[in-house]
Amino acid sequence: MSDTGTFLDKLQALLGERGLLRESAAMARYVSDWAGESLGTPLAVARPASADEVAEVVRRCHAQGVAMTPQGGHSGLVAGALPAQDGQELVISLERLDRVRDIDPINFTMTVDAGCILENVKRAAWEHDCDFPLSLGAQGSCQIGGNIATNAGGLNVLRYGMMRELVLGLEVVLPDGRLWQNLTALHKDNRGYALQQLFMGSEGTLGIVTGAVLKLSPRPTQSRSALLGMPSVQAVVDLYTLARRDCCDLLTAFELIPRRCIELAMEATPTLTDPLDRPYPWYVLMEIAATGPVDLNALLEQLLETGMARELVLDGALAASDTQAAQLWQFRESMLEGQRRRGEHLRTDLSVPISRIPAFVSKASDAITALDAECEIIAYGHVGDGNLHFNILPPPTMANEEKKSYLHTLETRLFEVLDDFGGSISAEHGIGRTKQAAYLERLAPTERELLSGIKALFDPKGLMNPGRILPPSQT
């Protein structure tokens, strides 16, 4: 676009000094994600302060043929919200749209701006004795709009479902700048196509979410957490089966953690100490929660007694207070930081049927070890929904310039094993750029035709987050 300067000057006049960033130093934090990886340079960073301003920015981009990159809290892991390398994409940050518009504790709904940080939304719900149950490690920085665009998962999916199950209505700026408002607070609405579902998991390729009506739950009045030492992955799945039946819908989280992750957590957070008297090859970190007169202690103790009698559980630590529970869950959070400190490594986000988790971990570990016995496998995840993060650390002596091709080879082999199990290469992180090639390889022709048709209908110019999920040639 030859008149880029004029275009940006007009945006500056519309949004004000705080609303448009053009200097490279000011834009630096908008080109990197949680992992510290960066991609490209934006044309500029627009920071609209309302849905109407977002709509006007998009209208002008549509008219001028300017590509747009919607952006939330920089916590994505597939490069879906990072600007391209050509410097031609305008980043549209939703960070200034941060109002809680309304809370209805009788209807158990909350209406929020898309830029609201997840942790702030949860706190606002608690003030009304309600709970927004989405739970993520990045909840202190991720935004609701990004959670919707990526159909976020997290720790509590087994009880409350993915993000698409926690949203009732949406407000979306379409690629041509029209504002589609469907902020319905109805729990049941069966009128025709559920258009709002198209935007959940679309990664900003069909429009920009600016507001949402979220579904709340009663705030739990009590919860119990436990960290358990386990002999095998099979024992973990067997205990989950037992817990799912005995604890029913009170089970909120059930995490598989290998010993290496406990060690990485202690490396990242020196205040953490070994949680049990001796190390075990595998651990379960679980939580049950309830509202009302339910004896969670008796429920959890009975589960563990049965688990020990069946030799599924070898040892365990039960949190006696909220403080102790927070310490146990700190292992789950700190182990991610421990991995990040090891530098570039293979991060995966897989899912298989729950019953096949043990077989997959075994076969995938054998396949990767056969390629390189010196790499370090770290398989952990959310047992209750079959979501595994089968991550691989390269040998510490490997040169940085060798890592990308090395990790790609390992990923290719891992995905081949995954295909044998009928699994998914993306359980919750999305496709973005980094998983696009593997995604397209596995996409049936009919499905690809339908997806391309949806994209072309909403965004015929291909300006909205181009090259994410589908390549530009398919938009």
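The structure reproduced in this document is the subject of the present report. What you see is a predicted model, and the numbers here were worked out from it, not measured in a lab.

1. Re the side chain of S202
Consideration 1: As for its position among the elements, S202 is in the loop between α7 (196–199) and β10 (208–215).
Consideration 2: Other than its neighbours up to four places away in sequence, S202 contacts A149 and I469.

2. Here we look at helix α13 (residues 400–420)
Each turn of an α-helix holds 3.6 residues, which means side chains three or four residues apart point in the same direction.
Consideration 1: For α13, spanning 21 residues, the distance from its first C-alpha to its last is 31 Å, which sits close to the expected 30 Å at 1.5 Å a residue.
Consideration 2: Within the sequence span of α13, burial applies to K403, Y406, L407, L410, E411, L414, F415, V417 and L418.
Consideration 3: Each element contacted by the buried residues of α13 is listed here: β16 (350–351), α12 (357–371), β18 (387–393) and α14 (436–441).
Consideration 4: Taken from the residues just after α13, G422 is the one with a positive phi, measuring 65°.

3. Re the nonpolar core
Consideration 1: The biggest cluster of nonpolar side chains holds 59 residues, and the ones touching the most others in it are F254, M286 and F360.
Consideration 2: Per-element accounting of this core gives the leading share, 8 residues, to helix α8 (residues 233–246).
Consideration 3: Contact partners of F360, with chain neighbours within four places excluded, come to L350, V352, S365, L388, F390, L414, V417, L418 and F421.

4. Examining the sheet that holds strand β1 (residues 20–21)
Consideration 1: Within the open sheet, the 4 strands sit side by side as β1-β2-β4-β3. Their pairing is mixed. In this open sheet, the two edge strands, each paired with only one partner strand, are β1 and β3 (67–71).
Consideration 2: Pairing between strand β2 (residues 44–46) and strand β4 (residues 89–93): 3 bridges, direction parallel. Paired with V45 across the two strands is V91, which belongs to β4.
Consideration 3: Contacts from helix α3 (residues 51–64) reach β2, β3 and β4 within the one sheet, and its direction differs from that of β4 by about 170°.

5. Re the packing of helix α9 (residues 259–268) against helix α11 (residues 322–340)
Consideration 1: Across the interface, α9 lies against α11 with an axial gap of 7 Å and an inter-helix angle of 80°. By the angle between their axes, α9 is roughly perpendicular relative to α11. Where α9 abuts α11, its residues C261, I262, L264, A265, M266 and A268 lie against F331, S334, M335, E337, G338 and Q339.
Consideration 2: Residues of the contact of α9 with α11, tallied by class, amount to 8 nonpolar, 3 polar and 1 charged.

6. Re the pattern of salt bridges
Consideration 1: Counted under the stated rule, the structure contains 29 salt bridges.
Consideration 2: D274 is the salt-bridge partner of R259, the closest N and O atoms lying 2.8 Å from each other. Separated by 15 residues along the polypeptide, R259 in helix α9 and D274 in the loop between α9 and β14 (282–290) bring together distant segments of the chain.
Consideration 3: According to the relative accessible area criterion, R259 is buried, its value standing at 15%.
Consideration 4: Judged by relative accessible area, D274 falls into the partly exposed class, the value being 33%.
Consideration 5: With a closest N to O distance of 3.5 Å, R442 and E441 form a salt bridge.
Consideration 6: Its relative accessible area of 32% is what places R442 among the partly exposed residues.
Consideration 7: Within this structure, R259, R260, E263, E267, D274, R342 and E376 form a network of salt bridges that share partners.

7. Things to note about unusual backbone geometry
Consideration 1: Positive phi outside glycine occurs at A79, with the angle close to 60°.
Consideration 2: Tracing the backbone shows A79 in the loop between β3 and β4.

8. Quick notes on α8
Consideration 1: When the terminal C-alpha atoms of α8 are compared, their 20 Å separation across 14 residues agrees well with the 20 Å that a helix rising 1.5 Å per residue should span.
Consideration 2: Considered for burial, the residues of α8 that qualify are V233, A235, V236, V237, L239, Y240, L242 and A243.
Consideration 3: Where α8 is buried, its residues touch β12 (222–230), β13 (251–258), β14, α10 (296–309) and α12.
Consideration 4: One or two residues past the end of α8 sits C248, with phi positive at roughly 50°.

Cut-offs and rules
Throughout, residues of each chain are indexed from 1 in the direction in which the sequence is written. Under the rules for a predicted model, residues below a pLDDT of 70 receive no local features and side-chain atom pairs below 80 are neither given nor counted, while totals for whole chains, interfaces and linings still include all residues. Neither water nor hydrogens contribute to the side-chain values; these are computed over all heavy atoms in the structure. A helix here means a DSSP run of H or I that spans at least four residues, while a strand means a run of E at least two residues long, and both kinds are numbered starting from the N terminus. Any two residues whose heavy atoms approach within 4.5 Å at even a single point are treated as in contact. What a helix should span is 1.5 Å times the count of its residues minus one. Burial here depends on accessible area, computed with a 1.4 Å probe over protein chains only, as a share of the maximum for the residue type. Under 20% is buried, over 50% is exposed, and the range in between is partly exposed. Side-chain atoms within 4.5 Å are what join buried Ala, Val, Leu, Ile, Met, Phe, Trp, Tyr and Cys residues into a set we call a nonpolar core. A pair of strands is treated as paired once DSSP finds two or more bridges between them. Where helices are involved, their axes are fitted lines through C-alpha atoms of the stretch in contact, as for all axes, and angles between N-to-C directions lie from 0 to 180°. Roughly parallel means an angle under 35 degrees; roughly antiparallel, over 145; roughly perpendicular, 65 to 115; everything else is oblique. Gly falls in the polar group here, along with every residue not listed as nonpolar (Ala, Val, Leu, Ile, Met, Phe, Trp, Tyr, Cys, Pro) or charged (Asp, Glu, Lys, Arg). For salt bridges, the criterion is a side-chain nitrogen of Lys or Arg within 4 Å of an Asp or Glu carboxyl oxygen.

In short, shape yes, function no, at least from these values alone.
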